[in-house]
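In case you want the letters, here they are:
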Amino acid sequence: MNEILRQEIRRVAIYSRGVAKWLVLACLVGVFSGLIGTAFHVLVEIANAQRLAHPWLLFFLPAAGLLIVAMYKKGRIEGVGTNDVIDCVQDGKPLSFWLLPVMFLSTILTHLAGGSAGREGAALQMGGDIGWHVGGWLHFSNHDRRTATLCGMAALFSALFGTPLTAALFSMTVINVGLVFYSAFLPCFTAALVAYAVSLAFGVAPTHFSVTAPAAAPGMTVRVAVFAVLCALVVILFCQVLHRTEHLLKKCFPNSWLRAVIGGSFVVAFTVGYGEMRYNGTGMTTITEAIEQGSALPWDFLAKILLTAITLGAGYKGGEVVPSFFVGATFGCVAAPLLGIPAGFGAALGLVGVFCGATNCMTASLFLSIELFGSEGLLYFAIVCGLCYLLSGYSGFYSSQSFLTAKLESEYRDSRTVKNPEH
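Attention here is on the structure that accompanies the text. Chains are numbered independently. Their residues run from 1 in the order of the written sequence. Only residues with pLDDT of 70 or above have their local features reported here, since the model is predicted, and side-chain atom pairs are shown and tallied only from 80 upward, although totals for entire chains, interfaces and linings are computed over all residues. The side-chain values count all of the structure's non-hydrogen atoms but skip hydrogen atoms and water molecules.

## Notes on the overall build of the chain
- Secondary structure is summarised from DSSP: a helix means a run of H or I of at least four residues, a strand means a run of E of at least two, and numbering begins at the N terminus for each. The helix and strand tally for the chain stands at 16 helices and 2 strands.
- Buried residues are those whose accessible area, probed at 1.4 Å on protein chains only, stays under 20% of the maximum for their type, while exposed residues exceed 50% and partly exposed ones sit between those limits. Here the chain holds 423 residues, and the buried ones make up 57% of them.
- Only heavy atoms enter the contact rule, under which two residues are in contact if any of them lie within 4.5 Å. At a minimum sequence separation of 6, the contacts of the chain that also span at least 24 residues come to 77%.
- In this description, accessible areas are obtained by the Shrake-Rupley approach with a 1.4 Å probe, and a residue is regarded as covered only by the protein chains that are shown. Per element, the accessible surface of the chain, about 16900 Å² overall, is 67% carbon and sulfur.
- Counting 25 positive and 22 negative side-chain charges, the chain places the centres of these two groups 7 Å from one another. Residues scored as positive are Lys and Arg, those scored as negative are Asp and Glu, and His as well as the terminal groups of each chain are ignored. Charge positions are represented by NZ for Lys, CZ for Arg, CG for Asp and CD for Glu.

Pasting the structure below:
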């Protein structure tokens, strides 16, 4: 009996040390990510406000592109992006310390000068970099540093958007579709909560939208399912345009300096020709109008797809997540009423559906719908997420993302043979 008791005590001690290790890591990563995420959020907001107050800043976009190229070359991280953070978690590929400051400054420059990009994509890279290096400072093993990288991704995403549960689940499921290491949940969620608390303490309000969901009814369920099929087609279009534009620009303009100038000049010309900066920056105002006012233009989602593809393909920084919100919300606002779905609720469905299909993170997308819109209408969000995930194929933002299970077949796949095969 005494021997059994001693074994139980040793087991408890081992588990306690393990939990303490991850909680220390999560708190450190959460605090660092919360502080950096808060500063990043504030500066991106200031950059967008300054551009709107001083429209002439738009004409400095090509110059901003040259400065971004120079910083990436100086930091020896040219071409490094979210796919490299995914590679870090999958294979233990190291991340350069310079990714954090260079990505931070490059995204602010992109928004200040009017590039069409998001901010959460940048958060994944900066947060992953923080997690990797904090894990190194704590002398974690290579595999534990990979989990620390996930913690950083979750923390900075949460600090920016105020969705800690979504952030934790997203970081855990975006790497290998079909495989979740639940051992990472406690540190990822803790880091996300700490970062969220830090951002709240500095006055960063969480993102939330007011929307009313229709009552559950067979007819509405069928209409939402048809709408989900349309959202899946938008996902395919968005991802294909993003990747093909990037490949085309690199093929036609292999010199990164020239590519930045050409891409930036196109965005400037488009904006001047259109007459307003509706598609520059994050576009959060337009997203809010689509969801809460049911107001969007029929071509909004197409214009945002084009300008985002040119901006990111030319080497500007920021990410694809918020543009996916814009594309989904504006498409849903316009298309949903044609099926008898309220425009505002259709915008909310489109936002979540396009995000789900483009990231292949179904569980995180369901929790995103709850944290952004509340639990009302969860049944409809589940239908849209399920169909968008299945019907979007293996399209997605991240070419390094692995698929360990087939989407339409009940079987496991070799992750290396199904590493986003459509890229």
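## Examining helix α6 (residues 142–161)
- With 20 residues, α6 should cover 28 Å at 1.5 Å per step; its first-to-last C-alpha distance of 29 Å lies within 8% of that length.
- Buried residues dominate α6, accounting for 18 of its 20 residues.
- Once α6 finishes, Gly-162 follows within two positions and takes phi at roughly 70°, a positive value. Multiplying 1.5 Å by the residue count of a helix minus one yields the expected span of that helix.

## Here we look at the nonpolar core
- Buried residues of nine kinds, namely Ala, Val, Leu, Ile, Met, Phe, Trp, Tyr and Cys, make up a nonpolar core once their side-chain atoms join them within 4.5 Å. Phe-170, Ile-287, Ile-291, Leu-349, Leu-351 and Phe-373 are the most contacted members of the largest nonpolar core, which has 132 residues in total.
- With sequence-adjacent residues up to four places away left out, Phe-170 is seen in contact with Leu-124, Phe-157, Phe-355, Thr-359, Cys-361, Ala-364 and Tyr-398.

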